[in-house]
Each structure stands twice: as C-alpha cells, then as structure tokens.
Amino acid sequence: GAGVSQSPSNKVTEKGKDVELRCDPISGHTALYWYRQSLGQGLEFLIYFQGNSAPDKSGLPSDRFSAERTGGSVSTLTIQRTQQEDSAVYLCASSLMGPNTEAFFGQGTRLTVV
Amino acid sequence: KNEVEQSPQNLTAQEGEFITINCSYSVGISALHWLQQHPGGGIVSLFMLSSGKKKHGRLIATINIQEKHSSLHITASHPRDSAVYICAVRWRGGNKLVFGAGTILRVKS
C-alpha cells in the first residue's frame, strides 16, 4: 500500500471487553512496531516485529496485551479485558530493516474504554 | 527520568520568526528522528540523522554526536507549522525508537 494503514481509526469499548487493532504496513517493510500514546503522555514502545517474530516485547504493559504478525505483513494487537487506563492512541510504524532506516507511521487507532 | 530530553515543552512564536527546538540524549545512538504530529493527525517523519545536518524546505536539523544533542530549526515560521515536534532516538544496537516528550509549537499570525 501507499502508507501504513491502521483500523479502526476510532474504537469505543466497554470495560472488560476484548479489542483487536489492525496494522497493515508498507509492502516490503520487514520491521513493524506498535507504540502507544496516552493522553498527556509521550509515545511509548510496546512491541517490535522482525518478519513474523517478535524479538522485543518488552513494552507490553501486561499479559492482557498480545500481538501477532502473519505472512510478514499485517499485524494485530489484541487487548483482553480492557481497562480504562488502556485508553490511548495506538500507533503502528513500519520500516525496512537496519538501524538507519526511516520509520513510517500510521494514523493510529484511538481507543476509548468506557 | 526520560533518556531523551526536549526543550522547550511549549513554544509560541509570531509568524516569520526563526524557531529552534532542542533534543538531548544520554547514550550512543545509531540514528535520531525528528517527527511532526498535527492535532488529531498522524505522525510524519521529518528527518532521520546520524551525523551532520539536513535541510528540507524551511526545516533544518542538526546533530552533534559528541555532545549528544540535536536541534530542529524552522525558518520563516508559519501558522501551518503549529504542531507537536517529537525527537526520537534509536540506541546503538537497538531496534525500537525512544521518544522525547515533544514540543508543542504554536505559530500565531
């Protein structure tokens, strides 16, 4: 695709429900990242994929959070039993491999847990 | 303590003014990114630097590796430059980006 695509753009869910957020990276980008931006806070790292494997999951805040990537392309971030503190904008970024490669960000999914 | 420090946190300027936003980091990096985020909008990558200086239109980014410091300059600022500017670094040997808290820029006409 032309850019990193995320869906849905907005999601309102009730506390305790599970949600799935989707990221479709730029074609050919083997590196994929999930970040979170809470209200009034900076961006924080959640998880990094290299191909289909996730060598760095250190940013996932609890075991309610999980992510997978299939076919080296689309990634899904799942939050189980959502809590109000999960409300945030979830951003996906993709890049080619290598330390000096530009990261391209999606528009984000704004998650609101009520 | 955030390992990537930005200053100022907030900046208000008059249209036409020269603007500087600063970023300092604590350890060796492989690359530094300057990002722009408009209200309600996504994040756009402005620059990626590992040394020296880059220029794109009215935007200039510089980095001093020895001093662990980078600056983003905006010349002839315009209200459409109003946004949050975020500095992010990739530590040497690492993969993820670590972000500064951002600088909220407002340019008044």
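For the structure given in this document, a descriptive report is provided here. Here the structure is a predicted model, which means the values were calculated and not measured.

1. Description of the layout of surface pockets
No. 1: Size it by volume and the largest pocket reaches roughly 800 Å³.
No. 2: Lining the largest pocket we find 34 residues, and of these Gln37, Ser38, Gly40 and Gln41 of chain A together with Gln37 of chain B sit closest to its centre.
No. 3: Elements that contribute at least two residues to the lining of the largest pocket include exactly β9 (88–95) and β11 (109–113) of chain A together with β9 (83–91) and β11 (103–108) of chain B.
No. 4: Per-element accounting of the lining of the largest pocket gives the leading share, four residues, to β11 of chain A.
No. 5: Put simply, the second largest pocket is a space of about 180 Å³.
No. 6: Along its surface, the second largest pocket is lined by Gly42, Leu43, Glu44, Phe45 and Gly59 of chain A together with Lys96, Leu97, Val98 and Phe99 of chain B.
No. 7: By residue number, the principal contributor to the lining of the second largest pocket is strand β5 (residues 43–50) of chain A, which donates three residues.
No. 8: Residue composition of the lining of the second largest pocket, grouped by class: five nonpolar, two polar and two charged.

2. Here's the deal with the packing of aromatic side chains
No. 1: Using the criterion set out here, one finds five aromatic pairs over all chains in the structure.
No. 2: Measuring from centroid to centroid gives 6.0 Å for tyrosine 33 of chain A and tyrosine 35 of chain A, while their planes differ by 15 degrees, and the two rings are stacked. The exposure classification of tyrosine 33 of chain A matches that of tyrosine 35 of chain A, with both residues buried.
No. 3: Here a set of aromatic residues connected by ring pairs shows up, and it is made of Tyr33, Tyr35, Phe45, Tyr48 and Phe105 of chain A together with Phe99 of chain B.

Procedures and definitions
- Residues numbered from 1 in each chain as written.
- Chains lettered and ligands numbered in written order.
- Predicted model: local features only at pLDDT ≥ 70, side-chain atom pairs only at ≥ 80, totals over all residues.
- Heavy atoms only, no water.
- 1 Å grid on protein atoms, 1.4 Å probe; cavity = no way out; pocket = protein on both sides within 12 Å on 5 of 7 lines; lining within 4 Å.
- Points joined across faces, edges and corners; volume = space filled by probe spheres on them.
- Helix = DSSP H or I, 4+ residues; strand = E, 2+ residues; numbered from the N terminus.
- Nonpolar A, V, L, I, M, F, W, Y, C, P; charged D, E, K, R; others polar.
- Phe/Tyr/Trp six-rings, centres within 6.5 Å; stacked < 30°, edge-to-face > 60°.
- Buried < 20%, exposed > 50% of the residue type's maximum accessible area, 1.4 Å probe, protein only.

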